[in-house]
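# Residue-level structural notes
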Amino acid sequence: MLRMLYLLLPGDSGLENTVCLRPLLAIIPARGGSTGFPGKNTHPFAGLPLIAHSIRMAQMTPEVDECIVTTDSEEIAEVARRAGGKVPFMRPADLARDETPIWPVLQHALREMEQRSGVTYGSVLLLQPTNPAREISDVAKALEILAANRNAMGVIAVSEPPFNPRSVCVEERAGYMHKAFPDGQTYARRQDAPKVFRINGVLYLWRRDFVFSVNSNWDAAPHKMLSVPPECAVDIDTPHDLLWGEFLIAQGKLRLPWLQRDEPR
């Protein structure tokens, strides 16, 4: 049975002011036609197919009520099922093109799940298979952040980059180098510049109604940030990224709990 969690905002009284973020549906999108790194979603990473890490993370996360994989590829579907994932339907081909944005993919998956199960979900968690290094506690933290702010439509994982673009990023204009961020030159030391964060793809949490309402201009809506350690911001989009992630694990800089569970006692 799906769990229902009602999260009260500070100062709220009564169910009429209650924000319902559960049940939580986690969606793992895995298109079969990757051109930059063919087969990356099923490529071995730390002893498992890449997509299996997101599946196992969702399985170990108490706040995830249901997790599905949406794919157009029978091969990916079979790999996902062998890893314990659910693939209740195949994604239509017109939602699996190179240029297809993520929103119609999420809307299709959410609509299909609600129609098939009769369940109305409270929120949607996007878990990209190319970002395998999440902390299990990240989901609970994201839910807490979203529940505490009635104006926010979602929570996006971010991390600090190794450099502050205000200090070091430049661009060429009229044949000469110029600061890409003009306000950067107002800071005598880079340490004095305001912190900058980057969206790292670790997780995206959205309210259910927002997922159905948005088209392409999603970031115009108010969002909150979940800051995660930079070493968790592993985004595997190239073979080099794969090697870097493996190196972090080998050096003990990155620990994946679902791998530790499989270690011999």
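A brief report on the enclosed structure follows. This structure is a prediction, so every number in the text was calculated from the model and none was measured. (Residues numbered from 1 in each chain as written. Predicted model: local features only at pLDDT ≥ 70, side-chain atom pairs only at ≥ 80, totals over all residues. Heavy atoms only, no water.)

## What about helix α2 (residues 74-82)?
Test applied: Using a 1.4 Å probe on the protein chains alone, a residue whose accessible area is under 20% of its type maximum counts as buried, one over 50% counts as exposed, and one in between counts as partly exposed. Only DSSP runs of H or I reaching four residues or more are called helices, and only runs of E reaching two or more are called strands; each is numbered from the N terminus. Comment: arc refers to directions from the helix axis out to C-beta atoms. Polar contact is defined as a pair of N or O atoms within 3.5 Å, subject to the rule that within protein one atom must be able to donate a hydrogen and the other to accept it, and that residues adjacent in sequence are counted only when both atoms are side-chain atoms.
Regarding α2, the residues found buried are Ile76, Ala77, Val79 and Ala80. Burial along α2 is one-sided: seen end-on, the buried residues are contained in an arc of 165°. Within α2, the exposed residues directed more than 90 degrees away from the buried face are Glu74, Glu75 and Arg82. Near the N-terminus of α2, the side chain that reaches the backbone nitrogen of Glu75, with its oxygen 3.3 Å away, is that of Ser73.

## A short note on the environment of Val124
Selection rule: Note on contacts: a residue pair qualifies if any of its non-hydrogen atoms lie within 4.5 Å across the two residues.
Residue position: Val124 is located in strand β7 (residues 123-126). Of the residues examined, Val124 reaches a relative accessible area of 0% and is grouped as buried. Separated by 100 residues in the primary sequence, Val124 and Leu24 have C-alpha atoms spaced 5.8 Å apart. Residues contacting Val124, with those up to four places away along its chain left out, are Leu24, Leu25, Ile27, Leu110, Tyr204, Leu205, Trp206 and Val211.

## Section: the pairing of strand β3 (residues 24-29)
Stated formally: Strand pairing is assigned whenever DSSP identifies at least 2 bridges connecting the two strands.
With 6 of 6 residues buried, β3 lies mostly within the body of the structure. Here β3 shows no split at all, with Leu24, Ala26 and Ile28 on one side and Leu25, Ile27 and Pro29 on the other all buried. Across 4 bridges, the pairing between β3 and β7 is parallel. By the bridge assignment for β7, Leu24 is matched with Ser123. Note: β3 against strand β6 (residues 66-70), 5 bridges, orientation parallel. Looking at the pairing, Pro29 lines up with Thr70 of β6.

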